[in-house]
Amino acid sequence: MQATLFSTNQLGFSTIFIVIAENCRGYSTEEAVGRTPAILSSGQHDKDFYQRMWATLNEQKYWQGKMWNKRKNGKIYADWLTISAVTADDGHITHYVGTFSDITSNPESSAEIHRLAYYDSLTHLPNRRMLFDRLRQALAASSRNKHYGALLFLDLDNFKTLNDTYGHSIGDLLLVEIAQRLTANVREGDTEARLGGDEFVLMLENLSENTQEAVIQAGLIGEKIRDTVALPYIVQGLELWCTASIGVSLFYGHESSVDDLLKHSDFAMYHAKNEGRNGIRFFDPEMQATLVERSALESDLRHALERGQLRLYYQIQVNNERRAIGAEALLRWVHPERGLILPEQFIPLAEKTGLIVPIGLWVLQTACAQLRDWSTNPATSSLLLALNASALELRQPDFVEQVRQALSTTGINPALLKIEL
Ligand SMILES: Nc1nc2c(ncn2[C@@H]2O[C@H](COP(=O)(O)OP(=O)(O)OP(=O)(O)O)[C@@H](O)[C@H]2O)c(=O)[nH]1
């Protein structure tokens, strides 16, 4: 344990700063004498901390506690600080004397030092340094497993106005709430970090091996994050609204450096700001085009049902004697501009957006209606009809009820309907 004795005048300025060890936190005796202990200040303690310390010192003439300090080389460490106020005969404080003892090697302090070095003290999210470490590991993992990853750069919109309107401490509380929402909305294993100010980064790993799919995955997660951030917040009884602009770049192995990736996402985020904020922008123009195309398709898909653009085609199945024994219902989307769209192009989108549930219900009702029509004709009345349902539909709590209702409304023989996963 290294101890350093110091003495200051009433205003806290050092008159003597005696360095017992040869080298005090990197400062030589010549450098330290005449300076205040504030040269060791790490910026980790807020105004309140110092106010409380001075109040105790002046009232009780004594204070001791742990203080996070900074060495000359910038490294943060823990000191145990003991200060006594020295008084004259009439009781007024003439100066202070104290000792610093380096307690960095205490296990508890080491853990805290790690936290200070790698985590943001306001939100407790990983900081820039931790993000860069994780990003380096993620690039190495991506180069091994050949899966894409993505870096999403979020900057809150007009946060300065919010700070100016409600005050910095409300702004701080909002930043904490936003950090919690980010954490709740990504998968375990993904990293959410605060770079500082109103800037956050999400690092997604293990996206698809296929570029287009990875773009769509990152775009969907970006949209989910954007929508989640935009929901209202209640902070100290105030209802606050805040949106974020998001820039995205994908990574694949070591194709780009860590610095470049962050720059790319930042650059894309500025594009999102310029386009009116509360938006998502990919760094790569082709990826952006994929995202725009997917968004257009999604918005069209939302209307496809009500506009009667979905069709069920029936592929007849025959037995060895080439007699029809059943049929499989095949779903197609007849898009007014794009023509016939196959399920593999729109079912994943329907599943990700939840549209699969109303679409699945339509398929079920349409298939049952078809069976009812077939039941009136002896040539088709015993045909078995098979249709596909997605796992998401089966997980709906009212799925069984919906099937029961479709059967009873149409009055068909349930044995003729086959639902395949
Ligand atoms: N409450 C709080 N505010 C911070 C903190 N760090 C930075 N800020 C403030 O966050 C604001 C960031 O503003 P900018 O991102 O530059 O601008 P903006 O108002 O968000 O506008 P756009 O980014 O252009 O949408 C500034 O007013 C900073 O003072 C912090 O830790 N707490």
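Refer to the structure above for everything that follows.
Parameters at a glance
- Residues numbered from 1 in each chain as written.
- Predicted model: local features only at pLDDT ≥ 70, side-chain atom pairs only at ≥ 80, totals over all residues.
- Heavy atoms only, no water.
- Helix = DSSP H or I, 4+ residues; strand = E, 2+ residues; numbered from the N terminus.
- Buried < 20%, exposed > 50% of the residue type's maximum accessible area, 1.4 Å probe, protein only.
- Contact = heavy atoms within 4.5 Å.
- Areas by Shrake-Rupley, 256 points an atom, 1.4 Å probe, with all protein chains shown as cover.
- Near = heavy atom within 4 Å.
- Polar contact = N/O pair within 3.5 Å; in protein donor to acceptor, adjacent residues only side chain to side chain.
- Nonpolar A, V, L, I, M, F, W, Y, C, P; charged D, E, K, R; others polar.
- Expected span 1.5 Å × (residues − 1).
- Core = buried A, V, L, I, M, F, W, Y, C linked by side-chain atoms within 4.5 Å.
- Salt bridge = Lys/Arg side-chain N within 4 Å of Asp/Glu carboxyl O.
- Pairing = 2+ DSSP bridges.
- Lys, Arg positive; Asp, Glu negative; His and termini not counted.
- Axes fitted to C-alpha atoms, helices over the stretch in contact; angles between N-to-C directions.
- Parallel < 35°, antiparallel > 145°, perpendicular 65-115°, else oblique.

## Some details on the overall build of the chain
Counting its regular elements, the chain contains 13 helices and 17 strands. Residues classed as buried in the chain amount to 44% of the 421 residues present. Summarising the internal contacts of the chain: among those between residues at least 6 apart in sequence, 61% fall at separations of at least 24. Of the roughly 22,100 Å² of accessible surface on the chain, 51% is carried by carbon and sulfur atoms.

## Remarks on the site of the ligand
Inspection of the region around the ligand gives 16 residues, with Asn-158, Phe-159, Asn-163, Asp-172 and Arg-277 positioned closest. Between the ligand and Asn-158, the relevant distance is 2.9 Å, taken from an oxygen atom to a main-chain nitrogen or oxygen of the residue. One of the side-chain N or O atoms of Asn-163 is found 2.8 Å from a nitrogen atom in the ligand. Expressed as a share of its isolated accessible area of 660 Å², the protein-covered part of the ligand is 67%. Those elements that provide at least two residues to the shell around the ligand are β6 (149-156), α5 (159-166) and α6 (168-184). The element that contributes the greatest number of residues to the shell around the ligand is α6, accounting for four residues. In terms of residue class, the shell around the ligand is made up of three nonpolar, five polar and eight charged.

## A short note on helix α8 (residues 258-274)
When the terminal C-alpha atoms of α8 are compared, their 25 Å separation across 17 residues agrees well with the 24 Å that a helix rising 1.5 Å per residue should span. For α8, the complete set of buried residues consists of Val-258, Leu-261, Leu-262, His-264, Ser-265, Ala-268, Met-269, Ala-272 and Lys-273. Turning to α8, the residues buried within the fold contact α4 (128-145), β6, β7 (191-196), β8 (199-204), β11 (244-251) and β12 (280-282).

## Concerning the nonpolar core
Counting 36 residues, the largest nonpolar core has Leu-154, Leu-156, Leu-174, Phe-200 and Leu-250 as its most contacted members. For this core, the leading source of residues is α6, giving six residues. Residues in contact with Leu-250, not counting those within four places in the same chain, are Tyr-148, Gly-149, Ala-150, Leu-207, Thr-211, Ala-214, Val-215, Ala-218, Leu-261, Phe-282 and Met-287. Counting 34 residues, the second-largest nonpolar core is a separate cluster that includes Leu-297, Leu-312, Trp-333 and Ile-356.

## A closer look at α6
Along its 17 residues, α6 runs 24 Å from first to last C-alpha, staying within 8% of the 24 Å computed at 1.5 Å per residue. Restricting attention to buried positions, one finds in α6 the residues Ile-170, Gly-171, Leu-174, Leu-175, Ile-178, Ala-179, Arg-181 and Leu-182.

## Brief notes about the pattern of salt bridges
A full pass over the atoms with the stated rule returns 17 salt bridges. For Glu-401, the salt bridge goes to Arg-404, with nearest N and O atoms at 3.2 Å. Here Arg-404 and Glu-401 lie together in helix α13 (residues 399-410), a separation of three residues that amounts to about one turn. Take Glu-401: its relative accessible area is 38%, and that puts it in the partly exposed class. What emerges from the salt-bridge pattern is a single network uniting Glu-223, Arg-294, Glu-298 and Arg-302.

## Focus on the pairing of strand β3 (residues 62-70)
Here β3 runs beside strand β4 (residues 76-87); their pairing, made up of nine bridges, is antiparallel. Directly across from Gln-64, in β4, lies its bridge partner Thr-82. As consecutive antiparallel partners, β3 and β4 are separated by five residues, and within that stretch Gly-74 has a phi angle of approximately 95 degrees, a positive value.

## Some words on the side chain of Arg-332
Tracing the backbone shows Arg-332 in strand β14 (residues 324-335). Buried charge without a salt bridge: Arg-332, with Glu-344 as the nearest opposite-charge side chain at an N-O distance of 6.1 Å. Not counting residues up to four positions away in its chain, the partners in contact with Arg-332 are Gln-309, Leu-310, Arg-311, Tyr-313, Leu-340, Ile-341, Leu-342, Pro-343 and Phe-346.

## So, the packing of α5 against α6
Remark: α5 packs on α6, axes separated minimally by 6 Å, with the N-to-C direction vectors making an angle of 130 degrees. Judged by the angle between their axes, α5 and α6 are oblique. Residues Phe-159, Leu-162, Asn-163 and Tyr-166 of α5 lie in contact with α6, whose contacting residues are His-168, Ile-170, Gly-171, Leu-174 and Leu-175. Residues belonging to the contact of α5 with α6 are distributed by class as follows: six nonpolar, three polar and no charged.

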